[in-house]
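# Descriptive analysis of the structure
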Amino acid sequence: MTIRAFLACFFSLSLLTSLIGQTTGPAGVLDNVSPGAVFWLRADQGILTTGAEVTQWNDQMANGNNASATDGPALSAASINGEDALFFDGTDDNFTLANSNRINDGASTNRTLYVVFETGATVPGSGTYQLIYEEGGGTNGLNVYLEDGEVVLYLWENQGGSLDPNQEYYARTSVTANATYIAAVKFEGDGTSLGRVDFYVNDLNALTLGSPLGMPTANLADFSSHTGDINLGGAPGGGDTQFIGDIASTGDFFNGRLAEMIYYDATLNEAEFQIVFNYLAEKYNVTLGGGDVYAETNFNREVTGIAQVGGETHFVGLGNGGALYLENDGGIDADGEYLLAGHNGNI
């Protein structure tokens, strides 16, 4: 059951004028301390320009994980459902982030990543790559890229400079030109021998995993440290990124728009994951193949919520900017129950 209302019995719902004592994450899910939201890049905030180029994209989680550029993309105002995005020209536009213990310098058993992007006028064919996000190098890493008419989400571990399909984890699905997508990755290791990685694109149902098939994944205890570059939109240095069946490549610049990225050093539970996914889907007008529990066209800004999904809960929601606070007072007490709310920009 989903409740799309601003007032309901058993729930407290308050308008606030400021944040409640702490920085809050997207859709009110976690704050900026570990485990929590590591960085949050959104094209409608934190943009610094030199001339027509965006030279810095500031982290909205106040962790200082800012993205910087020498050859930056251009701001594309109100270009995806009336929301700002950054346009990458496919030639040399890219950002880098500094190495961080919460991203790539330290081993982790928990990660959640969301990327909102729009493809360009042409989707690359077989053997041609467009890199949207990457961290790591020849041994360990994670990336999201376009190739052969598809978006590919790919995690590799302990490769040691040669491709070992038993330690590559990926999923891929077709995309079309000039279309908006939400790609997400969830990783949870157990620190010993079995972990789980799931990949999603415009759907709360996970994509079919590539090699090796089946979950949990053997030999994936954690996501090992990997100090290769952290890049958005391309890898100008080359030599330290990896694609399925290809150890390294140079450049591979993205041609399209990038609107928002959210990175957690936590594995969001099912309720949290679904709320953040719905926040992004409403903001950018993406129709979800499964898991759309809001679908409100008039109040689709800064969506937040509380929910119980699969026995996992998220019972306090704070709208971005602190304008809306939701707290469960007992009404959400069964799986599949939600209370989500957003505004129309007039508050």
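Heads up: the structure comes first, above all this text.
This is a predicted model, so every value here is computed, not measured.

### With respect to the pattern of salt bridges
In this structure the tally under the stated criterion is 11 salt bridges. A salt bridge links glutamate 83 to arginine 301, with the shortest nitrogen-to-oxygen separation between them at 3.4 Å. In this pair, glutamate 83 sits in strand β8 (residues 83-89) while arginine 301 sits in strand β20 (residues 301-309), placing the two residues 218 residues apart along the sequence. A relative accessible area of 7% means that glutamate 83 is categorised as buried. The partly exposed category is assigned to arginine 301, whose relative accessible area is 32%.

### Brief notes about the pairing of strand β7 (residues 74-80)
In this structure, β7 lies alongside β8, joined through four bridges in antiparallel fashion. Bridging from a neighbouring strand, leucine 75 pairs with leucine 86 of β8. A loop of two residues connects β7 with β8, the two strands running antiparallel in sequence, and asparagine 81 in this loop sits at a positive phi of about 55 degrees.

### Quick look at the pairing of strand β15 (residues 180-189)
Extensive coverage of β15 is indicated by the burial of nine of its 10 residues. Two elements, β15 and strand β16 (residues 194-201), share seven bridges in a ladder whose sense is antiparallel. Residue pairing for β16: lysine 186 is matched across the bridge by aspartate 198.

Thresholds, definitions, all that
The residue numbers shown here count from 1 along each chain, following its written sequence. Restriction of local features to residues with pLDDT of at least 70 applies here, the model being predicted, together with a cutoff of 80 or more for giving and counting side-chain atom pairs; totals for whole chains, interfaces and linings are based on all residues. As a convention, hydrogens and water are excluded, and side-chain values are obtained from all of the structure's heavy atoms. In what follows, salt bridge is the name for a side-chain nitrogen of Lys or Arg lying within 4 Å of a carboxyl oxygen of Asp or Glu. Helix and strand assignments follow DSSP, with helices taken as H or I runs no shorter than four residues and strands as E runs no shorter than two, numbered in order from the N terminus. Throughout this description, buried means an accessible area under 20% of the type-specific maximum (1.4 Å probe, protein chains only), exposed means over 50%, and partly exposed covers the range between. A strand pair is defined by DSSP finding two or more bridges across the two strands.

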